[in-house]
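# Tertiary structure, described
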Amino acid sequence: MEFLIKKLREQQGLTQNELSTKSGVSRNLIARLESGDIQNTTTDTLFKIANALEVRVENLFFNDSV
């Protein structure tokens, strides 16, 4: 599974540090999720990131449907 966190973060002009502060999720974890180094995380973490980016949790994922 791949996340769209980096794309969404960059669209909003946020750095990883700014997203970390806004979400309460460590910058290191954000970086690892963005790079694909980590492909699983807790629902709580996803909700925090989604709330900080003002999107629904499902918008954090690549959608393969046509």
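Reference entry: report on the structure contained in this document. What you see is a predicted model; the values in this text were computed from it and never measured.

This part takes up the packing of aromatic side chains. Going through the model one piece at a time under the given rule, you end up with one aromatic pair. Summarising the aromatic geometry, the rings of Phe3 and Phe61 are spaced 5.3 Å apart at their centres and angled 40 degrees between planes, so their arrangement reads as tilted. Here the residue Phe3 occupies a position in the segment before α1 (5–11), and Phe61 occupies one in the segment after α4 (43–53), the gap between them amounting to 58 residues. Residue class for Phe3 comes out buried when judged on its relative accessible area of 8%. Judged by its relative accessible area of 22%, Phe61 is partly exposed.

All right, on to the environment of Phe47 then. As for its placement among the helices and strands, Phe47 is situated in helix α4. When its relative accessible area of 44% is taken as the criterion, Phe47 is described as partly exposed. Between the alpha carbons of Phe47 and Val25 there is a distance of 10 Å; along the sequence they are 22 residues apart.

Listing the buried residues of helix α2 (residues 16–23) in full gives Gln16, Leu19, Ser20 and Ser23. The arc that holds the buried residues of α2, viewed along the axis, is 105 degrees, so those residues lie on one side. Buried residues belonging to α2 abut α1, α3 (27–35) and α4. Downstream of α2 by one or two residues, Gly24 has phi in the positive range, about 80 degrees.

Our next topic: the side chain of Gln16. Looking at the element boundaries, Gln16 is found in helix α2. Setting aside chain neighbours within four positions, we find Gln16 in contact with Arg9, Arg27, Ile30, Ala31 and Glu34.

Where α2 meets α3, the axes come as close as 8 Å, and the angle between the chain directions of the two elements is 120 degrees. For the element pair α2 / α3, the angle class is oblique. Of the two elements, α2 crosses α3, and the hand of that crossing is right-handed. Contacts between α2 and α3 involve Gln16, Asn17, Leu19, Ser20 and Ser23 from the first element and Arg27, Ile30, Ala31 and Glu34 from the second. Grouping the amino acids of the contact of α2 with α3 by side-chain chemistry returns three nonpolar, four polar and two charged.

Each value, and the rule that gives it
Residues numbered from 1 in each chain as written. Predicted model: local features only at pLDDT ≥ 70, side-chain atom pairs only at ≥ 80, totals over all residues. Heavy atoms only, no water. Phe/Tyr/Trp six-rings, centres within 6.5 Å; stacked < 30°, edge-to-face > 60°. Helix = DSSP H or I, 4+ residues; strand = E, 2+ residues; numbered from the N terminus. Buried < 20%, exposed > 50% of the residue type's maximum accessible area, 1.4 Å probe, protein only. Arc of directions from axis to C-beta. Contact = heavy atoms within 4.5 Å. Axes fitted to C-alpha atoms, helices over the stretch in contact; angles between N-to-C directions. Parallel < 35°, antiparallel > 145°, perpendicular 65-115°, else oblique. Left-handed = near helix turned anticlockwise from the far one by under 90°. Nonpolar A, V, L, I, M, F, W, Y, C, P; charged D, E, K, R; others polar.

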